[in-house]
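# Chain and residue survey
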Amino acid sequence: YASVYAACSIANMTEKGCEAVASHVSKKVKNELKNKKTVDSKTIANLVKKHLKRKNKDAAFIYETHRDIS
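All values reported here derive from a predicted model rather than from experimental measurement. (Residues numbered from 1 in each chain as written. Predicted model: local features only at pLDDT ≥ 70, side-chain atom pairs only at ≥ 80, totals over all residues. Heavy atoms only, no water.)

## Side note on the environment of Ala-11
- By the secondary structure assignment, Ala-11 is in the loop between α1 (2–10) and α2 (15–33).
- As a C-alpha pair, Ala-11 and Asn-56 span 45 residues in sequence and 8.7 Å in three-dimensional space.
- Once residues within four sequence positions are removed from consideration, Ala-11 is found in contact with Asn-56, Asp-58, Ala-59 and Ile-62. (Helix = DSSP H or I, 4+ residues; strand = E, 2+ residues; numbered from the N terminus. Contact = heavy atoms within 4.5 Å.)

## Let's talk about the side chain of His-51
- Along the chain, His-51 turns up in helix α3 (residues 41–55).
- The class for His-51 is buried, based on a relative accessible area of 5%.
- In this structure, His-51 is in contact with Val-25, Lys-28, Val-29 and Glu-32, ignoring residues within four places of it in sequence. (Buried < 20%, exposed > 50% of the residue type's maximum accessible area, 1.4 Å probe, protein only.)

## Observations regarding the packing of aromatic side chains
- Applying the stated rule across the entire model yields one aromatic pair.
- Pairing Tyr-1 with Tyr-5 gives two aromatic rings, centres 6.4 Å apart and planes at 20 degrees, and the pair type is stacked.
- On the basis of relative accessibility, which here comes to 27%, the residue Tyr-5 falls in the partly exposed class. (Phe/Tyr/Trp six-rings, centres within 6.5 Å; stacked < 30°, edge-to-face > 60°.)

Set out below in structure tokens:
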């Protein structure tokens, strides 16, 4: 949630927009992973990117490049 919110904020979205997108993406990822026993961080990051791209391509780019730098 926090990393999606931060990416949205850097992409100049409103606070409400950031909250809505972060909540939406978090729920989508959680739903896709609910039947998995173990999940690696790369899988989570890929799902976040997939769902974030559908909501805001600029925020998705920021999320992706920040993760590459870290």
